[in-house]
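# Residue-level structure breakdown
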Amino acid sequence: MFEGWPLLSLLVWLPIAGGLILLAIGERAPGAVRGLALLTAVLTFLLSLPLWTQFQPGAAMQFVESVDWIPAFGVKYALGVDGIAMPMIILTTFSIVLVVLAGWEVITQRPAAYYASFLIMEGIMVGVFAALDAILFYVFWEAMLVPMFLIIGVWGGPNRVYATIKFFLYTFLGSVLMLVALIYLRYQAGSFAIADFYGLGLPMQTQVLIFLAFLAAFAVKVPMWPVHTWLPDAHVEAPTGGSVILAAIMLKIGAYGFLRFSLPITPDASLSLDWLMIALSLIAVVYIGLVALVQQDMKKLIAYSSIAHMGFVTLGFFAIFRILANSESGALLAMQGGMVQMVSHGFVSAAMFLCVGVLYDRMHSRKIADYGGVVNTMPKFAAFFLLFAMANAGLPGTSGFVGEFMVILATFKANFWYALLAATTLITGAGYTLWMFKRVVFGEIANEHVAELQDINAREFLILAILAVAVLGLGLYPAPLVEVMEPTLQQLIQVVTAGRVG
Amino acid sequence: MPMPDFSLALPEIWVGAMACVILVADLFVPGKDRAVSYYLSLLTLAVAAWLTLDTQWGVRELTFSGTYVADSLGAILKVSIYGLTALAFIYARGYLKARDLLQGEYFVLGLMALLGMMVMASAHSLLTAYIGLELLSLSLYAMVAFNRDSRVASEAAMKYFVLGALSSGILLYGMSMIYGGTASLDLAVIAERASADNMLFVFGLVFVMVGVTFKFGAVPFHMWIPDVYEGAPTPVALFIGTGPKVAAIALFMRLVSEGMPSLSEQWQLMLVILAVLSLVIGNLFAVVQTNFKRLLGYSTVSHVGFILLGLLAGTEEGNAAALFYAITYALTAAGAFAVIILLSRRGFEADQIDDLRGLFQRDGMSALALLLVMFSMTGVPGTVGFYAKMLVLKSLVDVGMIWLAVFAVLFAVVGAFYYLRVLKAVFFDAPAETAARIEATAGFRVVLAGNALAVLLLGIFPGALIAACLAVFA
């Protein structure tokens, strides 16, 4: 079954259509709205599974669709997935199901518009990962800002307006430069197909400028130090679902951009500027990890830990040049580590934000100081929270360990000191996560609000249980994920090494 | 001397005749809501569109001793101006009626202004262009002062008139120099004889450019725009902000691009300066506005900067990009003004940004329309404004002006800030307690929804319009 289905188009347009129907129904029937939202999300998730089951091992683009879109400029509506994009799409459809469930009883203000925003966002994000045409990619990339702008601004916390405008302007500024770069590449390549941008053999100076334009777009999204300051604000003010999508998917889109654009299109510039990327990544790992230690606000703490974890992803991607200079093997390991870290962080950060959301829904506070002794009143919740906190700290057996370990292991082949600095995360990560966990969950019951807390209900239990399975599954048996992306990453390394002019 | 071929100018003849018919009919048909004049005007536009496409699309023929040209460029400009004029009429009716201003003269003046723009679009001699421009300008001055009891409107009309007359004079002065140098008013002859070696032509070009860019509202000839937008009745501001911008493209294409190709080096440099200044001043001044109409005024200036960027590339693609930009921007701006009209009522102009607060909760449909309009002006994909900007950037990159493209997108980010501020008021703020219920006829709502949907659909399927704009210059 599913042979000849335009699966990717369905994954893009089904949720968008569902969102529009929700908008049309409006706020008259909240029950029906929730049901329809969940139905759309689950259906989209189920439709995304054949991408995995029918995926042919190999590096080629699969499930390809291509239709002329703007013939005058050769812009095509071209979709397709490879071993990098496919897991990210499934991660996206998976996260949206959780987000819809997480908002079930919590969102009382305009639920139809809330779910519609997330579903439309889902379609757009799948589009970003599946686009094979640069303009199509850019359209989805920018369109993503609109629903997120509304989600943070309408359903966010007290300081939401500041946060959402900051979020929009930061990311918009980053991406307009990429647009100019894409148009320039079209001028050189004669087509907007992303694959045609590879191996153009552009002169060094041009490559550096294009690389920097891409960096402006992707570094803001990832986010890398020092353009990360929008993220803590956005996370803190966003509703729980918004935080989950931001952390689980939108940050990955930045890293995905590095793989799809920066590395293969500008390999020489990537090589000559890898010191910059490695330095920024290590600063994110070390310095932002320390910043996370001193946070008073749980969401801010997790936001900073996200930045630190994403530092591993970019470190893995850009350490490959130094690894290749020293040894034949290892580059693949670094890239796989980065990819696993992306997926794992998608699960773990989503779980962490959902845990904070569970507490916030009951106490309406994110301040660590307002909690204490939660384990006494919410034992089931505390068990889940502990698992996710351990995963966030990189405990072996959880998904958080696999990616970090692979990256650190590979980085040793580049330079001992890089690996050492990266490995400090094992200490700081454990420090900030477990210290927060101790202050929130353990100890005596801190105040009467905590004493009145109800343990998680069946719905919350279901969400956290699904994530727990995912975190443990990826932690104990990462091989399927690693294998599915190996050919693509292998080919990417080939493009990066063979496509260089100098 | 043989008779000129009148059939080529059928659309102009039809619109001119109908304007006279409506003027007379309005006197004799009773009724306070001017239904006859209104529907006759819309009928005029519809028939004119059919005539234009039928007689002028895909041909290139001269008539009236070479002073009038019927070609695809003129046709596409005219058809889009008909559509924009129709929007201005439809949005205006309820507004004017509520203020006891609904008179047949509004439609007659509108049609006369339209006739002026049509003549500009088909001008093939300096004089034809000038006649069209004056017909447009004089009608607009009267329309700005349409609410004669309003002091702001009279002040705006006076400002507009004084500055407009000055710019027309300068334009005429420039034309006289070019005529002096070539001994011809015919634009084809001028194109042959004008050359950059003769300083006379360079001077003439400078003065012509002043006149043309005044119509656009490019910096430093933008001073009238915010005042006129603020002072004029909102439907008139809508009219001024849409059709004439497209007509200004016509004026530029006819007088400068086709008229003086050999001086392209000179006018390109002028356009660079004008475009950069427009982007900077328009965007930066818009940031500090609290009045939504003034904000739209300054934002127009910044969009004109983008249009000029397309024109200065000097390629077919650049011209097509500028044309596409002007048409789609005008469509978008019409939607923004329509929301102001929707929120206003007798004795209250909803022209402050604060008046938009909580619109999402008061009236979801118009809030979503404004969302699309504002994101289109920002240039977010999914709306047509993105392709407008992208085509301009592409034509700049193709001629190697990459730094200008980078400069333009950076100022587009500045622009994003004030559009977001508007959306913040609409979506994130609570409505003022004094806010009245929003009343609008079903027809108004349908047209506004259609206008917003056009912004969205052209943003998803821009191919046909882009192809049409390209075909004009191919």
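What this report covers is the structure whose coordinates are included nearby.

The rules behind these values
- Residues numbered from 1 in each chain as written.
- Chains lettered and ligands numbered in written order.
- Predicted model: local features only at pLDDT ≥ 70, side-chain atom pairs only at ≥ 80, totals over all residues.
- Helix = DSSP H or I, 4+ residues; strand = E, 2+ residues; numbered from the N terminus.
- Rg over C-alpha atoms; globule rule 2.2 N^0.38 Å.
- Buried ≥ 20, exposed ≤ 12 C-beta atoms within 10 Å, placed from the backbone.
- Contact = placed C-beta atoms within 7 Å.
- Core = buried A, V, L, I, M, F, W, Y, C linked by C-beta atoms within 7 Å.
- Axes fitted to C-alpha atoms, helices over the stretch in contact; angles between N-to-C directions.
- Parallel < 35°, antiparallel > 145°, perpendicular 65-115°, else oblique.
- Left-handed = near helix turned anticlockwise from the far one by under 90°.
- Nonpolar A, V, L, I, M, F, W, Y, C, P; charged D, E, K, R; others polar.

## Here's the deal with the overall build of chain A
- Looking only at helices and strands, chain A has 23 helices and 2 strands in total.
- Compactness check: chain A gives a C-alpha radius of gyration of 22 Å against a globular reference of 23 Å for 502 residues, within 12% of the reference.
- Across its three principal axes, chain A shows a C-alpha extent of roughly 65 × 55 × 45 Å.
- The 502 residues of chain A split such that 61% are buried.
- Of all intrachain contacts in chain A linking residues separated by at least 6 positions in sequence, the fraction that spans at least 24 positions is 81%.

## Observations regarding the nonpolar core
- One finds Ile89(A), Ala351(A), Phe388(A), Met120(B), Val144(B) and Ala247(B) to be the most contacted residues of the largest nonpolar core, which totals 397 residues.
- For this core, the element with the most residues is helix H13 (residues 316-343) of chain B, which contributes 21 residues.
- Excluding its chain neighbours within four sequence positions, the residues that come into contact with Met120(B) are Ala129(B), Gly132(B), Leu133(B), Leu136(B), Ala247(B), Ala250(B) and Leu251(B).
- In this structure, Leu8(B), Ala9(B), Tyr68(B) and Val69(B) belong to the second largest nonpolar core, which totals 5 residues.

## Re the packing of helix H1 (residues 7-25) of chain A against helix H4 (residues 111-130) of chain A
Residue and element names in this part refer to chain A.
- Two elements in contact, H1 and H4, have axes separated by 8 Å at closest approach and are oriented at 165°. Taken together, the axes of H1 and H4 lie roughly antiparallel to each other. Along this stretch, H1 crosses H4, giving a crossing that reads as left-handed. Within the contact between the two elements, H1 uses Leu 8, Leu 11, Val 12, Trp 13, Pro 15, Ile 16, Gly 18, Gly 19, Leu 22, Leu 23 and Ile 25 and H4 uses Ala 112, Ala 113, Tyr 115, Ala 116, Leu 119, Ile 120, Glu 122, Gly 123, Val 126, Gly 127 and Ala 130.
- Looking at side-chain class alone, the contact of H1 with H4 contains 17 nonpolar, 4 polar and 1 charged residues.

## Focus: the interface of chain B and chain A
- In this assembly, 26 residues from chain B lie in contact with 27 residues from chain A.
- Elements with a minimum of two residues in the side of chain B that touches chain A: helix H16 (384-398), helix H17 (402-428) and helix H19 (463-473) of chain B.
- If one sorts the elements of the side of chain B that touches chain A by residue count, H17(B) sits on top with 12 residues.
- Among the residues making up the side of chain B that touches chain A, the classes are represented as 21 nonpolar, 2 polar and 3 charged.

## A word on the environment of Arg345(B)
Residues and elements named next belong to chain B.
- Within the secondary structure layout, Arg 345 lies in the loop between H13 and helix H14 (359-362).
- Between the C-alpha atom of Arg 345 and that of Gly 104, which follows or precedes it by 241 residues, the distance is 21 Å.
- With sequence-adjacent residues up to four places away left out, Arg 345 is seen in contact with Ala 98 and Ala 436.

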